[in-house]
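Below, each chain spelled out in residue letters.
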Amino acid sequence: MDKIEGKKLVFAINGERFELSSIEPSTTLLEFLRYQTRFRSAKLGCGEGGCGACVVLLSKYDPVLDQVEDFTISSCLTLLCSLNGCSITTSEGLGNSKDGFHPIHQRFAGFHASQCGFCTPGMCMSLFSALCNSEKTSMPEPPPGFAKLTISEAEKAIAGNLCRCTGYRPIADACKSFAADVDLEDLGLNSFWGKGENECASKLPFYCRRDDICTFPEFLKREIKNKILFNSEEYSWYTPVSVEELQSLLGSEEADYGTRVKLVVGNTGMGYYKELGHCNKYIDIRHIPELSIIRRDSTGIEIGAAVSISRAIQALMEESKGRPQSYEGVVFKKIADHMDKIGSKFIRNTASLGGNLVMAQRNQFPSDIATILLAAGALVDLQIGTKRIKLTLEEFLESPPFDFKIILLTARIPILEQTIDVSSKIQSRLLFETYRAAPRPLGNALPYLNAAFFAQVSTYKDCDGVILEGLRLAFGAYGTKHAIRARKVEEFLNGKLLSLGLLFEAIKLLRGIIVPEDHVSHPAYRSSLAVSFLLDFLGPLVDNSGMDGYVNGPQIDAKVENNSDKFYDAMRPSFLSSAKQVVEVAKKYHPVGEPIKKAGAEIQASGEAVYVDDIPSPKDCLYGAFIYSTRPLARVKGITFKSSSPPDGVVGVITVKEIPKGGDNVGARSIFGDEPLFADNLTRYAGQPIGFVVADTQKHANMAADCAVVEYDTENLEPPVLTVEEAVKKSSFFQIPPFLNPKQIGNFSKGMAESDHKILSAEIRLGSQYYFYLETQTAFAVPDEDNCIVVYSSSQCPENAQIVIAKCLGIPHHNVRVITRRVGGGFGGKAIRSLPVATACALAAHNLQRPVRIYLDRKTDMIMAGGRHPMKINFSVGFKSNGIITALHLDILINAGISEDVSPVIPYNMIGPLKKYNWGALSVDMKVCRTNHTSKSAMRAPGEVQGSYIAEAVIEHVASTLSMEVDSVREKNLHTFESLKVFYEGASGEAFEYTLPYVMDRLVSSSNFHQRVEVIRQFNCCNKWKKRGISRIPIVHPVMVRPTPGKVSILNDGSVVVEVGGIELGQGLWTKVKQMAAFSLGQVLLDGSNNLLERVRVIQADTLSLIQGGFTSGSTTSESSCEAVRLCCNALVERLIPLKERLQEQMGTVSWDMLILQAHLQAVNLSSSAFYVPDITSAHYLNYGAAVSEVEIDLLTGATMILRTDIIYDCGQSLNPAVDLGQIEGAFVQGIGFFMLEEYLTNSDGLVVSEGTWTYKIPTIDTIPKQFNVEILNSGHHQRRVLSSKASGEPPLLLAVSVHCATRAAIKEARKQVLAWNGSDASNSTFQLEVPATMPVVKELCGLDNVESYLQSLLSNRQKLSLS
Ligand SMILES: Cc1cc2nc3c(=O)[nH]c(=O)nc-3n(C[C@H](O)[C@H](O)[C@H](O)COP(=O)(O)OP(=O)(O)OC[C@H]3O[C@@H](n4cnc5c(N)ncnc54)[C@H](O)[C@@H]3O)c2cc1C
Ligand code: FES
Ligand code: FES
């Protein structure tokens, strides 16, 4: 290849040409987009390839074929220098508010698929890429307005993108609305057609494929007709075009210099290894033809090391399509299917096969590719110095880690010949299968263990059964240096007649081999997976002496689960998810009560919505990063940096010593007290800020914080308090004010005396949960004149930020203006926990008199954030033989961490939902423990979710003790209205408002509960390795309405500006407020002809404009903000009515515009503010709902699939059913995360070790219920509520316990079976199911050795039969 070198980097973004002659080569595309262009739609959510917030479209042009290739990439990992001659499209490039939105944006808005909006541009780009590429397929032409995409492809398009707000269902609907095979009737609530209306394609924003975006501009095509490679010694970026050239580049490097030279393909390895620093030399090896080939011949397929995983999948699929029945066809397809679960589409599109294998070889990366290719007998070609060497993959992996000069050229998957003599055989087949057990079925999660097996299976003339030969049993990713072959097991099985006994022995052998290294989580579980997979592979061969059914490789699933129920098969949705929403639209207070789409949803989708980090930096801006403690209790002796010279760009480090005179070391406050900003001479928990390093860029600040070394000293210090038990020993508690201390109800001793049975001192433990808002904590502080400061903060309580900043800087409150426009997800984490971030930033800006901003990297955010309160619960309960509970006592130790925060409220919060059942008598002793951990804070339904869970755990325990159906125990203990009044004194409302019994009954019929219970029973009888469970759960969730301010101003042209105390976090507050303003102001023109909705704008919170904003929390801020606005509007209406009447007399009719113009002329005061203070009778009320969930667990892997969830939730009269539906679904899915997935782990010092997307797994589209039905009950008139509405933000999260309880029910069935296999008493099956019920937890309860138990039982049955 002739190489034409260019010293300038040329590329296009959204059709604009960029030419750079100076660039730091470690710059990522995302850094460039966000800091050096006006295109800020791509967001930083994780910086490690795990969230999709940064996804953009990359287009490449092939001048020879005149073809454009379009695919998504994660811009946070893609190096800018690798984009020479490429075109980038971001969400604002698809459309925007100026040029018109793209139908994707419009449909995301119309399907209510954007809440906080931080994930939305990335989602839109993932979908856009799928649409673009569908056009290039040979699928039949779709109807006008649709794409050549199937619904499951449309849904899969966003499989790797995380959303923490919506629960994914509406996003899936927006995507599916483009699919050619969509039935529009299946799509959910949207703003295009109303309930009962004929849904028709013409109402959807029209999608025209041909007019769609030009992803590759003509000027760039012309420019790159002669391929010019960006190759710049000056910028240390090299693009060799031959192996020889690459060698000479590497040859010139000293060996010990190796770490500073980097071969680059997709650079996705950075997502795992986080090499923050830059190298001296980047060598882009994608332009070496040999590394990019895919060559197929009669002996196999050879794939160049630089080929992307996506391209490899495509090639393997094509090869397989040509010969679907052949062995190699099956192998290629299985390898491709397995690879399709690596990372996400936007990772696979640039991640190379070679990069993966090199990471596995050199850095012990838990690779899938290494394992599956090992079983496929792959070979690799290497360039070592001047030599080319061919190794088996096994030799490659087992070699000592290669140095940076060794180049992986290709990997070859051979086509296997049968190796043994066939003369005496009846039949012989080659089998190949791959496995992975990971928390997310569709990918974007490393496996706990992966495996791939190859075997030649033969039947011989004179023997009954099959003989295995040539076995290759590969296992990897379980905490081993690299993928291995279980040689001993292979040798043991090879050439032998497969029998139950043989399989049993092989499995025992395997257990001794698959042993994870020390410090790997869930070691026993990982070993058990190996056993499960081997059973899955070989089990069906044992029972089948013939070879039928193995033509295309083993149909293992079908064989293991050959009795699956027909009814269920019919019920199982044919695509990933389906859903139904039932909502009632109330017109009485038009437009309140209508499912208006979210205010600003389109600009959120296009990426124009401005979050704190999107505000452009002024020229002299500096950036901060926290240096935090890694010790729980130690003296801080000093901070230095790893390198001798200060890191690049560092301006200074701010510590407690830099707090100005007159200021205090305060970083957060709540009504219970203050919290220090920085550790003083003593650090009191791992994660405590010790310093704030300030540098010229965010990257430099992060790098500096990363290489900061804190010197600690623990001499003569008491050991830290790290557990609640230690806190009890040392009486380390926070005071609970008497008004928050739960009151005793009834007489516990009497209740116990009346009981027939007692459970004494049963223990439950609950862990923490991290917020995982997509936008991490961020602030931007700008010093202003006269000792003032303006701080933009992503905060749920700007008023508190103002107070804390003023106190820290020692200036009056009116010198501090805190502005919050929107928050990219809060969930409680941006209330108190946002304050230290804003304060540190303000302090740095104040001291340095320069603007300072910070956007926390995900790891620091996770380490510092705190999260939900862990706790230990002991309960004693008395109950009658019929299941009626007579008394409950709880001892609860709440781990609050180091400072009060809002922890003293937790007991009060917990007791509310816990009282959902009539416990007879209830007594509680709660202690809020002060420990040396990060301060725990409010997280969506703080305390409430634990309280509700504890109630269910008690009920489950009682039912299990009595061997009763748990649903009937629930029902028996539900409150009557009389008992409700006793338990919820002052909040129970009127009898007709107690809708829970009705909701529970209605759910039984709407979910077909009883019929399904029976079907599940049958299913469980005839399925060994899959069990199902179902559960129906009620909730009662008290909330409190708090005082809130509002201000409404009508401008000259009739447009309206509204300010409220509440912050828009994605919960739809602005939308409801707009509706309320339009309704209330509309009262002035009683004919209702003027729809004012479009005339209302809600603006950012500004602490100097509207005071007493308080907290946005507790689910009621929307309604109280609405009420405050209503009061303002009422005052305005009162002022306008006399004028309107006068004008009406003079002119007949009066329009809004005319009225306002005249009002201005006649000096009517058109601005009104109000402070809504709920009266005592309306401040507290109860919310009701119920859910039925059904799950299926896999006894071999511990995986839980949520088959279906039905929810009914009472919203009073919803202010906006679309918004409330979004809150219900989103909260429920966040609850699934808490109960099923999210492991928030710390090390022994309390330092958080689940510190990113690799280890912390929030729900994705493939982990939500397959069928998700939600009904919003419109329970009519509630006099004391805001226009009869009730809250929806937090209570539905509690309903997710239904999934946990259903899992418990399924596990119970599994345990019965295992006990029967073991010959034990099947009735004794009391157990605790931990939260979260992750795969290892479920599997452990189903028996880590259940495979052995099963085989053993079969063997002994056979023995018995042969003896009889
Ligand atoms: C979010 C995410 C999820 C992932 N999930 C999975 C998963 O589930 N399973 C799985 O198996 N993998 C997974 N991966 C790993 C992914 O497959 C690898 O990151 C990727 O294949 C590396 O390829 P790359 O081209 O980006 O390599 P780069 O990052 O460019 O390079 C990686 C390393 O290999 C070296 N290198 C690259 N090519 C060569 C070569 N030809 N010769 C010598 N050295 C070379 C580089 O110098 C560098 O040190 C995931 C990655 C991400 C980011
Ligand atoms: S920010 Fe790039 S994937 Fe998360
Ligand atoms: S809308 Fe998806 S993260 Fe908030």
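What counts, and where the lines are drawn
- Residues numbered from 1 in each chain as written.
- Chains lettered and ligands numbered in written order.
- Predicted model: local features only at pLDDT ≥ 70, side-chain atom pairs only at ≥ 80, totals over all residues.
- Heavy atoms only, no water.
- Helix = DSSP H or I, 4+ residues; strand = E, 2+ residues; numbered from the N terminus.
- Buried < 20%, exposed > 50% of the residue type's maximum accessible area, 1.4 Å probe, protein only.
- Contact = heavy atoms within 4.5 Å.
- Areas by Shrake-Rupley, 256 points an atom, 1.4 Å probe, with all protein chains shown as cover.
- UniProt positions renumbered as here; feature names shortened; annotations may be inferred.
- Axes fitted to C-alpha atoms, helices over the stretch in contact; angles between N-to-C directions.
- Parallel < 35°, antiparallel > 145°, perpendicular 65-115°, else oblique.
- Left-handed = near helix turned anticlockwise from the far one by under 90°.
- Nonpolar A, V, L, I, M, F, W, Y, C, P; charged D, E, K, R; others polar.
- Core = buried A, V, L, I, M, F, W, Y, C linked by side-chain atoms within 4.5 Å.
- Near = heavy atom within 4 Å.
- Polar contact = N/O pair within 3.5 Å; in protein donor to acceptor, adjacent residues only side chain to side chain.
- Salt bridge = Lys/Arg side-chain N within 4 Å of Asp/Glu carboxyl O.
- Pairing = 2+ DSSP bridges.
- Expected span 1.5 Å × (residues − 1).

Asks: Any chance you could explain the overall build of the chain here in plain terms?
Replies: The helix and strand inventory of the chain stands at 41 helices and 46 strands. Taking the principal axes of the C-alpha coordinates as reference, the chain spans close to 105 × 85 × 75 Å. Looking at the 1364 residues of the chain, the share that counts as buried comes to 64%. A fraction of 78% describes how many contacts in the chain between residues 6 or more apart in sequence connect residues 24 or more apart. Split by element, the accessible area of the chain, about 48600 Å² in all, is 51% carbon and sulfur.

Asks: Would you take a moment to explain the UniProt feature "active site" (unreviewed entry) in the chain for this structure?
Replies: Sequence positions flagged by UniProt for "active site" (unreviewed entry) are, in local numbering, Glu 1290. Within the fold, Glu 1290 resides in the loop between strand 46 (1267-1273) and helix 38 (1291-1294). Setting aside chain neighbours within four positions, we find Glu 1290 in contact with Arg 940, Ala 941, Pro 942, His 1037, Gly 1114, Ser 1115 and Ala 1227.

Asks: Could you clarify how one ought to interpret the packing of helix 35 (residues 1117-1147) against helix 36 (residues 1152-1161) in this entry?
Replies: Helix packing geometry: the angle between the two helix axes and the distance between the axes. Close contact between helix 35 and helix 36 brings their axes to 10 Å; oriented N to C, the two are set at 115°. What the angle tells us is that helix 35 and helix 36 run roughly perpendicular. For the element pair helix 35 and helix 36, the recorded crossing hand is right-handed. Touching Leu 1136, Leu 1139, Lys 1140, Leu 1143 and Met 1147 of helix 35 are Met 1154, Leu 1155, Ile 1156, Gln 1158 and Ala 1159, all from helix 36. Taken together, the residues that form the contact of helix 35 with helix 36 break down as eight nonpolar, one polar and one charged.

Asks: How should the nonpolar core be read in this particular structure?
Replies: One recurring pattern in soluble globular proteins: nonpolar side chains tend to sit buried together. By size, the foremost hydrophobic cluster in this structure holds 308 residues, and its most contacted members are Phe 108, Met 339, Phe 475 and Trp 919. Residues contacting Phe 108, with those up to four places away along its chain left out, are Ala 113, Ser 114, Thr 120, Met 123, Cys 124, Leu 127, Ile 171, Ala 174, Cys 175 and Ala 605. Counting residues in hydrophobic clusters, the runner-up holds 43 residues, among them Tyr 589, Leu 1069, Val 1098 and Val 1282.

Asks: Just checking my understanding: could you explain the site of ligand 1 for this structure?
Replies: Inspection of the region around ligand 1 gives 35 residues, with Leu 263, Gly 266, Thr 268, Ser 352 and Asp 368 positioned closest. Note that an oxygen atom of ligand 1 is positioned 2.6 Å from one of the side-chain N or O atoms of Thr 268. Between ligand 1 and Leu 408 there is a distance of 2.9 Å, counted from a nitrogen atom to a backbone nitrogen or oxygen. Considering ligand 1 on its own, with 970 Å² of exposed area, one finds that the protein chains cover 96% of that surface. Every element with two or more residues in the shell around ligand 1 is listed here: strand 9 (261-264), helix 13 (353-363), helix 14 (368-375) and strand 15 (407-414).

Asks: Got a minute to help me understand helix 1 (residues 29-36) in this structure?
Replies: An α-helix turns once per 3.6 residues; consequently, residues spaced three or four apart project the same way. Buried within helix 1 are the following residues: Leu 29, Leu 30, Phe 32, Leu 33 and Arg 34. Buried-residue contacts for helix 1 involve strand 2 (9-13), strand 3 (16-20), strand 4 (55-62), strand 5 (67-74) and strand 6 (87-89).

Asks: Sorry if this is basic, but what is going on with the pattern of salt bridges here?
Replies: Charged atoms that come close allow side chains of opposite charge to pair. Scanning all chains against the criterion turns up 72 salt bridges. Arg 1012 is paired through a salt bridge with Glu 1190; the nearest N and O atoms lie 2.9 Å apart. Taken together, the residues Arg 1012 in helix 33 (residues 1009-1022) and Glu 1190 in strand 44 (residues 1180-1194) connect sequence positions 178 residues apart. Neither residue differs from the other here; Arg 1012 and Glu 1190 are each classed as buried. One salt bridge in this structure joins Arg 1204 and Asp 1206, with 2.8 Å as the shortest N-O distance. Residue Asp 1206 is classed as buried on the basis of its relative accessible area of 4%. Salt bridges sharing partners connect three or more residues here, namely Lys 916, Glu 952, Glu 956, Arg 970 and Arg 1304.

Asks: Quick question: what am I supposed to make of the sheet that holds strand 8 (residues 237-238) here?
Replies: Sheet strands line up and pair through hydrogen bonds in the backbone, either parallel or antiparallel. Read across the sheet, three strands follow the order 8-10-9 without closing on themselves; strand pairing throughout is parallel. The open sheet has two edge strands with one neighbour each: strand 8 and strand 9. Seen against the sheet, helix 8 (residues 243-251) touches strand 8, strand 9 and strand 10 (281-284) and runs at an angle of roughly 170° to strand 10.

Asks: Would you explain the environment of Asp 1053 in this entry?
Replies: With respect to the element layout, Asp 1053 can be found in the loop between strand 39 (1044-1050) and strand 40 (1056-1060). For Asp 1053, a relative accessible area of 47% corresponds to the partly exposed category. Taking the C-alpha atoms as reference points, Asp 1053 and Pro 1174, separated by 121 residues in sequence, lie 33 Å from one another.

Asks: Any chance you could explain unusual backbone geometry here in plain terms?
Replies: Trans peptide bonds make up the majority, and among non-glycine residues the majority have a negative phi. In this chain, His 590 is followed by Pro 591 through a cis amide linkage whose omega measures 0°. At the junction of Val 1331 and Pro 1332, the peptide bond is cis and its omega measures out at 0° in the coordinates. For Pro 1332, the location among the structural elements is in the loop between helix 39 (1297-1317) and helix 40 (1335-1343). Even without being a glycine, Asn 444 presents a positive backbone phi close to 55°. Along the chain, the position of Asn 444 falls in the loop between strand 16 (425-437) and strand 17 (449-460). Asn 444 gets classed as buried once you look at its relative accessible area, which sits at 8%. One non-glycine residue, Ser 761, lies in the positive phi region at around 55°.

Asks: How do you make sense of the environment of Tyr 327 when you look at a structure like this?
Replies: Along the chain, Tyr 327 turns up in helix 11 (residues 327-339). Using a relative accessible area of 15% as the deciding quantity, one classes Tyr 327 as buried. Taking C-alpha positions, Tyr 327 is 36 Å from Met 270, a pair spaced 57 residues apart along the chain. Residues contacting Tyr 327, with those up to four places away along its chain left out, are Leu 416, Leu 430, Leu 431, Phe 432 and Phe 454.

Asks: What should I look at first to understand helix 39 in this one?
Replies: Relative to the 30 Å expected for 21 residues at 1.5 Å per residue, helix 39 spans 30 Å between its end C-alpha atoms, a close match to the ideal helical length. Of all 21 residues in helix 39, 16 are buried, a share of seventy percent or more. Directly after helix 39, the chain includes Gly 1319, whose backbone phi takes a positive value near 75°.

Asks: What am I meant to see in the packing of helix 39 against helix 40 here?
Replies: Across the interface, helix 39 lies against helix 40 with an axial gap of 8 Å and an inter-helix angle of 35°. Residues Thr 1303, Ile 1307, Ala 1310, Arg 1311 and Val 1314 of helix 39 touch helix 40, and the partners they reach there are Val 1338, Leu 1341 and Cys 1342. The residue inventory of the contact of helix 39 with helix 40, partitioned by class, reads six nonpolar, one polar and one charged.

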